[in-house]
Amino acid sequence: MASKVKVPVREQDPKVRATNFEEVCYGYNEEEAIEEAKRCLNCKNPRCVQGCPVSINIPDFISEVKEGNFEAAAKVIAKSSSLPAVCGRVCPQESQCEGNCVLGIKGEPVSIGKLERFVADWSRKHNIDLSGDIKKNGIKVAIIGSGPSGLACAGDLAKLGYEVTVFEAFHKAGGVLTYGIPEFRLPKSEVVDYEVNSIKNLGVKIETNVVVGRTVTIQEMFEEEGFKAVFIGSGAGLPSFMGIPGENANGVLSANEFLTRVNLMKAYRDDYDTPIRVGKKVAVIGGGNVAMDAARTALRLGAESHIVYRRSEEELPARVEEVHHAKEEGIQFDLLTNPKEIHVDENGDVCGMTCVKMELGEADASGRRRPVEIAGSEFNLDVDMVIMSLGTKPNPLIASTTEGLDINNRRCIVADEDGLTSLEGVYAGGDTVTGAATVISAMGAGRTAAAAMDKYLREKYL
Ligand code: FAD
Ligand code: SF4
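**Q** How do you make sense of the site of ligand 1 when you look at a structure like this?
**A** In the vicinity of ligand 1 lie 35 residues, with Val90, Ser149, Glu168, Arg185 and Asp431 positioned nearest. The contact in question runs from an oxygen atom of ligand 1 to an N or O atom on the backbone of Asp431, over 2.9 Å. Contacts to ligand 1 include Val439, whose backbone N or O atom sits 3.0 Å from an oxygen atom. When ligand 1 is considered free in solution it has 1,000 Å² of accessible area, and contact with the protein chains removes 93% of it. Only α9 (148-159), α10 (176-179), α14 (289-300) and α18 (439-461) provide two or more residues apiece to the shell around ligand 1. Here the element with the most residues in the shell around ligand 1 is α14; it accounts for three residues. Its residues placed into classes, the shell around ligand 1 shows 19 nonpolar, twelve polar and four charged.

Quick look at the structure:
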């Protein structure tokens, strides 16, 4: 009978890893992966696949792992995902494939994410070429943004023969995978760069330092550069702030800026000059994955690091694994706590923060219980740096420079279920359409749009 619990995965000691940027999780080795794969029941109606936004044939790849056929397993995954080593590390499997696994009813689900990660890492270490033969059709397609949605869309269209160019505003490709998620969760040169390169190996060109809407417009792409369709995967990189007194003080910054300095611009490394200010005691406001990343990064840079969140632990939107890792490393959780005012000293620097205690009231429209202030419960949190991690919105640049491109009241680009926008030949997907979401949902949207773009281009040009 299958064991009720997962084969445990080896991790770096919490005390040691709290002082370095090396990867927390070591992943499975071959023996561990085979042992875990043996737990899978190879269900006829696999519920796990229904929970996967890109419909990876999970039982098939796990069956191959069980037999030690790791290359065959990689080929099964490659049919549905172009970023498996990334997804195996950062997908919220507990609410997707693993959340649906039948073994989860009476015990722990199969560790699908760790098996995907193992297969992807094995195939990278063994230089397995998963690109296949491609027949070019000469039709040019532009992709805006090199995050998971843009890369997935680019990869699928390149496999179908299109001449794909990705335009990226930053100097490095990868979107949030490169500038947002820290090295200790997602190694950059080893994992992200490798998966970006495998998309380049399909013939995709990536042009960095191109800000669409400034360097070139979508109209110019069609009229002057010969592109026949465009996919917008520009993400949701514009941070929100609270609008409380003191928010303009030195030492208050968005999680996006803090993480971009550390991840993309390598501020944590002695051989880089990127300036970064880290307080002695840092409060990160918010409870999502981004907040956990910012708090754990501040900790590694030497700060006492707090998560300040207005609801309770149950409502924390971050992945369970990230909260667990953050606690193990010594992040302090100030729950049911909301900031009211940031104190500023005579030099304009943060020197404390008034917070108020909260309690949970009735459920709101989102179904979560609404936090309500407890009168008279104000107190001072002694901090010298505040990082705001309250969610992000799409940057309005592309919409404001593209006539006829509809957006909604959340500034997100309006697209139908195939990703088609209000403009012919212009598709969109990922965070720029949904608002901040997940890597795998962005990839799923990129793949859906690629299929629709292929249909459109075939009917019109082939
Ligand atoms: P992005 O990844 O944001 O990529 C958009 C790209 O477009 C960027 O590179 C940007 O520079 C570029 N761009 C923007 N405007 C222009 C322009 N005008 N011209 C050219 N290029 C442009 N999700 C998970 O599933 N698991 C996690 O653990 C997780 N952790 C996260 C941690 C952090 C810190 C953050 C910020 C997000 C996290 N997410 C996580 C969310 C996930 O990363 C995003 O949902 C996903 O990356 C969205 O993909 P995307 O392709 O839509 O956009
Ligand atoms: Fe295997 Fe679980 Fe999927 Fe069934 S639901 S095929 S046991 S991973």
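**Q** Even after reading the chapter, I still don't get the pairing of strand β14 (residues 385-388), so can you show me in this structure?
**A** The side chains of a regular strand alternate, residue by residue, between the two faces of the sheet. Side chains Met385 and Ile387 of β14 all project onto a buried face; the interleaved residues Val386 and Met388 project onto the opposite face, where all are buried too. In this sheet, β14 lies alongside strand β6 (residues 252-254) in parallel orientation, the contact comprising three bridges. Looking at the pairing, Val252 lines up with Val386 of β14.

**Q** When you look at helix α13 (residues 255-263) in this model, what are you seeing that I'm missing?
**A** Side chains of residues three or four places apart in an α-helix project in the same direction, reflecting 3.6 residues per turn. With seven of nine residues buried, α13 lies mostly within the body of the structure. Those residues of α13 that fall on the buried side of the exposure criterion are Ala255, Asn256, Phe258, Leu259, Thr260, Val262 and Asn263. In this structure, the buried side of α13 is in contact with α10, β6, α14, β14 and β15 (392-393).

**Q** Quick question: what am I supposed to make of the sheet that holds strand β9 (residues 332-334) here?
**A** With parallel pairing, five strands are arranged side by side in an open sheet as β6-β14-β7-β8-β9. At either end of the open sheet lies a strand with only one pairing partner, and these are β6 and β9. Adjacent strand axes in the sheet meet at a mean angle of 25 degrees when their direction is disregarded. In terms of strand pairing, strand β7 (residues 281-285) meets β14 through four bridges, oriented parallel. From the neighbouring strand, Ala283 faces β14, where its bridge partner is Val386. Taken strand by strand, α14 contacts β7, β8 (304-308), β9 and β14, and its axis lies near 165 degrees from that of β8.

**Q** Can you help me understand the side chain of Asp293 in this one?
**A** Structurally, Asp293 can be placed in helix α14. For Asp293, a relative accessible area of 3% puts it in the buried group. Each residue touching Asp293, except ones within four places of it in the same chain, is listed here: Gly180, Ile181, Pro182, Phe184, Arg185 and Leu259.

**Q** Teacher, can you tell me more about a negative patch on the surface here?
**A** Taken together, the side chains of Glu207, Glu220, Glu223, Glu224 and Glu225 define an acidic patch exposed on the protein surface. Its place among the elements puts Glu225 in the loop between α12 (218-223) and β4 (229-232). By relative accessible area, Glu225 is classed as partly exposed at 33%.

**Q** Quick question: what am I supposed to make of the environment of Tyr427 here?
**A** As for its position among the elements, Tyr427 is in strand β16 (residues 426-428). Under the relative-accessibility criterion, Tyr427 is labelled buried at 4%. For Tyr427 and Ile407, which are 20 residues apart along the polypeptide, the C-alpha to C-alpha distance reads 13 Å. Leave out the neighbours within four places in its chain, and Tyr427 touches Val230, Phe231, Ile232, Asp418, Gly419, Leu420, Thr421, Ala449, Ala452, Met453 and Tyr456.

**Q** What exactly am I supposed to notice about the site of ligand 2 here?
**A** Within the structure, ligand 2 sits among Cys40, Leu41, Cys43, Cys48, Pro59, Cys101, Val102, Val110 and Ile112. Across the shell around ligand 2, the residue classes break down as nine nonpolar, no polar and no charged.

**Q** What is the right way to read the pairing of β4 from this model?
**A** Covered by surrounding structure in β4 are Ala229 and Phe231 together with Val230 and Ile232, the residues of both alternating faces. Pairing geometry for strand β1 (residues 140-144) and β4, over four bridges, is parallel. Looking at β4, one finds that Ile143 is bridged to Phe231.

**Q** Hey, could you run me through the sheet that holds β1 in this one?
**A** Two pairing modes exist for strands in a sheet, parallel and antiparallel, and in both the strands are linked by backbone hydrogen bonds. Judged by pairing direction, the sheet is parallel, and its five strands sit side by side in the order β3-β2-β1-β4-β16 without closing on themselves. Pairing within the sheet leaves two strands with one partner each, and these edge strands are β3 (205-207) and β16. Each strand of the sheet is rotated relative to its neighbour by a mean of 20 degrees, with strand direction disregarded. Across three bridges, the pairing between β4 and β16 is parallel. Note that in β16 the partner of Phe231 across the bridge is Tyr427.

**Q** Where do I start with helix α2 (residues 30-37) in this structure?
**A** Looking at α2, one finds that the buried residues are Glu32, Ala33, Glu36 and Ala37. All buried residues of α2 project into a common sector of 130 degrees when viewed along the axis, lining one side. Residues of α2 that are exposed and point more than 90 degrees away from the buried face comprise Glu31 and Glu35. The inward-facing, buried residues of α2 abut α4 (58-66) and α8 (112-125). The opening residue of α2 is Asn29, an N-cap whose side-chain oxygen sits 3.2 Å from the backbone nitrogen of Glu31.

**Q** Looking at this structure, I do not really get the environment of Ala249. What am I missing?
**A** Its location among the elements puts Ala249 in the loop between β5 (238-239) and β6. Classification of Ala249 as buried rests on a relative accessible area of 10%. Apart from residues no more than four positions distant in its own chain, Ala249 is found in contact with Val344, Gly348, Asp349 and Val350.

**Q** How should the pattern of salt bridges be read in this particular structure?
**A** Opposite charge on two side chains lets them pair, provided their charged atoms get close. According to the stated counting rule, one finds 32 salt bridges in the structure shown. Put simply, Glu313 and Lys327 hold a salt bridge, and the shortest N to O gap is 2.6 Å. Taken together, the positions of Glu313 in the loop between β8 and α15 (320-329) and Lys327 in helix α15 put the pair 14 residues apart, joining distant regions of the chain. Here Glu313 falls in the partly exposed class, since its relative accessible area comes to 38%. Bridged by salt links that share partners, the residues Arg17, Glu94, Arg185, Asp293, Arg296, Arg300, Arg319, Glu322, Glu328 and Glu329 form one connected network.

The rules behind the values
- Residues numbered from 1 in each chain as written.
- Chains lettered and ligands numbered in written order.
- Predicted model: local features only at pLDDT ≥ 70, side-chain atom pairs only at ≥ 80, totals over all residues.
- Heavy atoms only, no water.
- Near = heavy atom within 4 Å.
- Polar contact = N/O pair within 3.5 Å; in protein donor to acceptor, adjacent residues only side chain to side chain.
- Areas by Shrake-Rupley, 256 points an atom, 1.4 Å probe, with all protein chains shown as cover.
- Helix = DSSP H or I, 4+ residues; strand = E, 2+ residues; numbered from the N terminus.
- Nonpolar A, V, L, I, M, F, W, Y, C, P; charged D, E, K, R; others polar.
- Buried < 20%, exposed > 50% of the residue type's maximum accessible area, 1.4 Å probe, protein only.
- Pairing = 2+ DSSP bridges.
- Contact = heavy atoms within 4.5 Å.
- Axes fitted to C-alpha atoms, helices over the stretch in contact; angles between N-to-C directions.
- Patch = residues over 30% accessible without salt bridge, like charges linked within 9 Å, V, L, I, M, F, W, Y side chains within 5 Å.
- Salt bridge = Lys/Arg side-chain N within 4 Å of Asp/Glu carboxyl O.
- Lys, Arg positive; Asp, Glu negative; His and termini not counted.
- Charge placed at Lys NZ, Arg CZ, Asp CG, Glu CD.
- Arc of directions from axis to C-beta.

The values reported here are purely geometric and, on their own, carry no functional implication.
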